[in-house]
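Listed below, chain by chain, are the residues.
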Amino acid sequence: MLINNDTIIKDTDPVLRTVSEPVELPLSEEDRALLTDMMQYVIDSTDEEKAEKYNLRPAVGISAIQLGIPKQLTAVAIEEINKNNETVSYKFALANPKIVSFSKQKAYLDSGEGCLSVENEHEGYVVRSARVTVRGYDMLTDRNIEIRARGYLAIVLQHELDHFKGVLFYDHINKDEPYKEVPDALVI
Ligand code: CO
């Protein structure tokens with residue numbers, strides 16, 4: 001399926017608020033093709049030349065509802081610098097992922113969050129859990145996996161899984177005090 005900045009559903013469309021349903025496993029050919037295209041979008045979107053040529057907005061994740069398809073499918077690809085100053089990359093093409101545990105400690109991105117479906121600025125801290133454990137089927141490894149995510153990866157997974165519930169990042173911003181300090185939070 002063609003995925004670019006014109007075909008991605010924006011938050012002006014109420015379909016984005018739809019709750020997504022689990023898919024059948026093993027994946028159908030149709031779902032496999034969709035998730036493959038979503039993964040390819042995320043990877044290509046951070047390649048400057050391809051992004052320019054194919055009208056892709058840079059992203060670290062995309063969920064099926066952003067293409068108008070209410071299925072629990074999401075693709076995530078991020079790069080992080082670890083404690084030893086090495087670049088670590090994480091790639092997941094997930095079906096039916098679920099968060100099975102959340103840390104009490106909170107975390108947020110200092111610069112706020114963005115979303116392929118959101119064109120307007122929404123300033124403020126998007127406060128989430130600092131660590132989450134996610135279980136689901138990963139198409140890239142063809143396995144049921146458990147991801148123990150912390151920091152940036154944990155934030156990205158929570159952002160994407162929120163899309164399954166029709167929730168957008170700015171729903172989490174404190175309306176009265178968007179930059180309210182959070183005690184003991186991990187600031188990324
Ligand atoms: Co999003």
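Conventions and cut-offs
- Numbers given for residues are sequential positions, taken from 1 along each chain in its written order.
- For a predicted model such as this one, the threshold for reporting local features is a pLDDT of at least 70, and the threshold for listing and counting side-chain atom pairs is 80 or more; totals across whole chains, interfaces and linings nevertheless cover every residue.
- Computation of side-chain values: all heavy atoms of the structure, hydrogens and water removed.
- Only the six-membered ring of Trp is used, alongside the rings of Phe and Tyr, when aromatic pairs are assigned; centres must lie within 6.5 Å, and planes under 30 degrees apart are stacked while those over 60 apart are edge-to-face, with the rest tilted.
- Helix and strand labels come from DSSP, where a helix needs a run of H or I of at least four residues and a strand needs a run of E of at least two; each type is numbered from the N terminus.
- Only protein chains enter the area calculation, which uses a 1.4 Å probe; residues under 20% of their type maximum are buried, those over 50% are exposed, and those in between are partly exposed.
- Only residues whose relative accessible area exceeds 30% and that form no salt bridge enter a patch; like-charged residues are grouped when within 9 Å of one another, and nonpolar side chains (Val, Leu, Ile, Met, Phe, Trp, Tyr) when within 5 Å.
- Each accessible area is a Shrake-Rupley estimate made with a 1.4 Å probe; only the visible protein chains count as cover when residues are assessed.
- A carboxyl oxygen of Asp or Glu within 4 Å of a side-chain nitrogen of Lys or Arg is what we treat as a salt bridge.
- Charged residues are defined narrowly, with Lys and Arg counted positive, Asp and Glu counted negative, and His plus the chain ends left uncounted.
- The atoms used to mark charge sites are NZ of Lys, CZ of Arg, CG of Asp and CD of Glu.

I tried to follow the packing of aromatic side chains on my own but got confused; where do I start?
How two aromatic rings sit relative to each other is set out by the distance from centre to centre and by the angle between their planes. Summed over the entire model, instances satisfying the criterion amount to three aromatic pairs. A centroid spacing of 4.1 Å and a plane angle of 25° characterise the contact between Y108 and Y125, whose relative ring orientation is stacked. Here Y108 is found in strand β4 (residues 106–108), whereas its partner Y125 is found in the loop between β4 and β5 (128–129), with 17 residues between them in sequence. There is no split in this pair, since Y108 and Y125 are both buried. Seen from their ring centres, F169 and Y170 are 5.5 Å apart, and the 80° between their planes marks the pair as edge-to-face. Here F169 falls in the buried class, since its relative accessible area comes to 3%. Y170 sits in the buried class, given a relative accessible area of 16%. Grouping aromatic residues by their ring pairs yields a cluster made of Y108, Y125 and Y179.

When you look at a negative patch on the surface in this model, what are you seeing that I'm missing?
On the surface, a cluster of negative charge is contributed by D47, E48, E49 and E52. Here E52 is to be found in helix α2 (residues 48–54).

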